[in-house]
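Tertiary structure, described
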Amino acid sequence: MYSHKSRMLAAFRGEAVDRLPYVPRLDLWYLANSVSGTLPKQHAGRAQNDISRAEGWTVYFRFADDILDPEVQKEYLHRGIGLFGTRDTLYDFVMPRDVELKVHRAGGRTRVEYHTPVGMVSTTMVYDQSYQRLGITSPMVVEHLIKTPQDYGPAGYLFEHMDVVPNFARFERWAKEEMRDDGVAVAMGFFGASPVHQIQRDLIEPTQFYFHYKDYSAQVLELAAKMEPLFDRMLKILCTSPAQVVWWGANYDDMLTYPPYFEKEITPWIRKASRQFDAAGKLLMCHTDGENEGLMDLIRDSGMHIAESICPAPMTKITLAEYYRRWSGHLTLCGGIPSTIVLPETSEADFEAYMDQLFKAVAPGRRMLVGIADQVPPNAVFSRLQRIGERVVREGRLPLAAGAFRPVGAPAASAPIAPAPKTADAQDADNVFAQVRLDVTKGKHLDIKAHVQELLARGVPAQAILDQGLIDAISAVGRRMAVGEAFIPEVLLAARAMTAAVSVLEPHLAAGGDAQRGKVLIGTVKGDMHDIGKNLVVTMLKGVGFDVRDLGINVSREQFCEAVAEFQPDVLGLSALLTTTMVEMREVIRALDERKLRTHCKVMVGGAAVTEEYAHQIGADGFAPGAAETVALVRQLVAA
């Protein structure tokens, strides 16, 4: 007779069990609904883990803390540099004695200054009850540690002289008193799988990281080298700890942690950790919640034992069947149900269709745990979570029977479109603009200014340089990105080069009387701090001649409404990466409608979790899956 814990551990190890474990991670859902008073009536007043127990589900390893509690805030004081002291961690970080900490709290903002002997660096985090209502379980970093090249020295000193000491008692108490035999107490190792990955994840603003990685590579690698001894000490503590499973590395995505970068900067440390955990009889779990199409083989062969929070189509490109076929012979899969499937915006028919096919997709079912990826969103239909649990008990007996599988909304393959042959005139134009196109493609933001000036000096019209040189080049990069041949860093660097070129062209375009093509307002919705995709869109729209105002991240519906009334844009773009925040898009659109601000303003939406169907359901005028498609859609909406 299996307990939830023994069944989960056996599945992690690839051993045969009686049925699929069902492990819905409830922390976001629980936090949002407990704070808002909207827990299901039968669970009102219950703790998160007790809800799982009452429903007969496996208790998952994460939890929802009340970060507004002053005592709990201490555990998150160093969130800005990726360090936690939560109950699932096995060590405490000790700051260097000669580093003075200064903490400034004002409302929901916390600024931490690290005064080292070689300079001061600081971070700022925000968190208040509005974040809790959205189900956000960790403070958002709005000021990152490294902002300029001068910050590398103090940051390096901080990590080089920092220590880490075991604290097993806290973890053992949590495992015994809260997890019991109802789930596996997975230890939190580190969010960054390697020092460079940690720099990317937490120490530098996400978009700026790619510029630093190219422009200041020596400083980035020197900082990583100073962090390595700390990582080695953490691994040693983890190997001697009572934990059986360790979470090490998170948020892989083939655009953000693109394949060459993943292979160079992340894979060696996953393998290193895996070897040490193997020798200690422990399992290594990685949080693989992103788009993994370009990382499938790299993740499979990385040495990790468990791929947690796998998120298949329709939210990403890889079907669940393909995940299982390619990975289950090497590692255990945990997740498999996209969070959109349990949202009210997904029809009952589509929900049932997905569940009907799930068991065939993962046949025979070994090395598989069923969960919601990334985790259960705050506005999930609770009865669907219950029905998933019921069906897993009823239909998840192993071994499962095989069958055809194609999840609802999985992308269909399309044949590549052959380019039309070029005329002699077009070939001549190619020669004229070849250098500036190459500058854009290679991200040469310093060289391109001189090359644009040379074209202008030769009498080439500014508009032709923009249209046939810059826009053609950035559009080509966008198309390569759309088919997986280019990645976000390449597009960001190309966009930076294009911005530099446009700064040279602007006076000439204005002198020629070239009017801008329209006005676009854009921002990431309340509760969401992600901006890489938005930044790409902003740069590309500016490059093709639109007047763009960027409201930034974490923008409230009131701020959107005020900006629309003042700026009078032709198009408003709403961005959200998370299922927990994309629901705010609907509220922004409702607020605009109530204030009658959509008479001349079209609304488009985008982001990793957003689909065309969702855009239609919330009343948006359009949806675009990527930066290049966004530019085309804005042109279409402005012309309509």
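All figures in this text were calculated on a predicted structure; none of them were measured in a lab.

**Looking at the overall build of the protein**
Of regular secondary structure, the protein possesses 24 helices and 17 strands. Against the compact-globule benchmark of 26 Å for 640 residues, the protein has a radius of gyration of 25 Å, which places it among compact chains. Pairs at least 24 residues apart make up 74% of the contacts formed inside the protein by residues separated by at least 6 positions. Carbon and sulfur atoms form 51% of the exposed surface of the protein, whose accessible area is close to 25,600 Å². Positive and negative side-chain charges in the protein, numbering 69 and 79 respectively, have mean positions lying 3 Å apart.

**Here we look at the confidence of the model for the protein**
For the protein, the mean per-residue pLDDT works out to 90, and 94% of the residues sit at or above 70. The low-confidence segment residues 404-418, where pLDDT is below 50, has 22 contacts with residues more than four positions distant or belonging to other chains.

**Details of the packing of aromatic side chains**
Going through the model one piece at a time under the given rule, you end up with 22 aromatic pairs. Ring geometry for Phe209 versus Tyr210: centroids 5.4 Å apart, planes at 75 degrees, classification edge-to-face. Ring geometry for Tyr258 and Tyr261: centres 5.5 Å apart, planes at 25 degrees, overall stacked. Among the residues examined, Tyr261 registers a relative accessible area of 2% and is labelled buried. Among the aromatic residues, those joined into a cluster by ring pairs are Tyr91, Phe93, Phe190, Phe231, Trp248 and Trp269. When the ring centre of Trp269 is taken as reference, the NZ or CZ atom of Lys272 above it lies at 4.1 Å. Above the plane of the ring of Phe567 lies Lys519, whose end atom (NZ or CZ) is 4.6 Å from the centre.

Calculation criteria
Residues numbered from 1 in each chain as written. Predicted model: local features only at pLDDT ≥ 70, side-chain atom pairs only at ≥ 80, totals over all residues. Heavy atoms only, no water. Helix = DSSP H or I, 4+ residues; strand = E, 2+ residues; numbered from the N terminus. Rg over C-alpha atoms; globule rule 2.2 N^0.38 Å. Contact = heavy atoms within 4.5 Å. Areas by Shrake-Rupley, 256 points an atom, 1.4 Å probe, with all protein chains shown as cover. Lys, Arg positive; Asp, Glu negative; His and termini not counted. Charge placed at Lys NZ, Arg CZ, Asp CG, Glu CD. pLDDT = per-residue confidence, 0-100. Phe/Tyr/Trp six-rings, centres within 6.5 Å; stacked < 30°, edge-to-face > 60°. Buried < 20%, exposed > 50% of the residue type's maximum accessible area, 1.4 Å probe, protein only. Lys NZ or Arg CZ within 6 Å of the ring centre and 35° of its normal.

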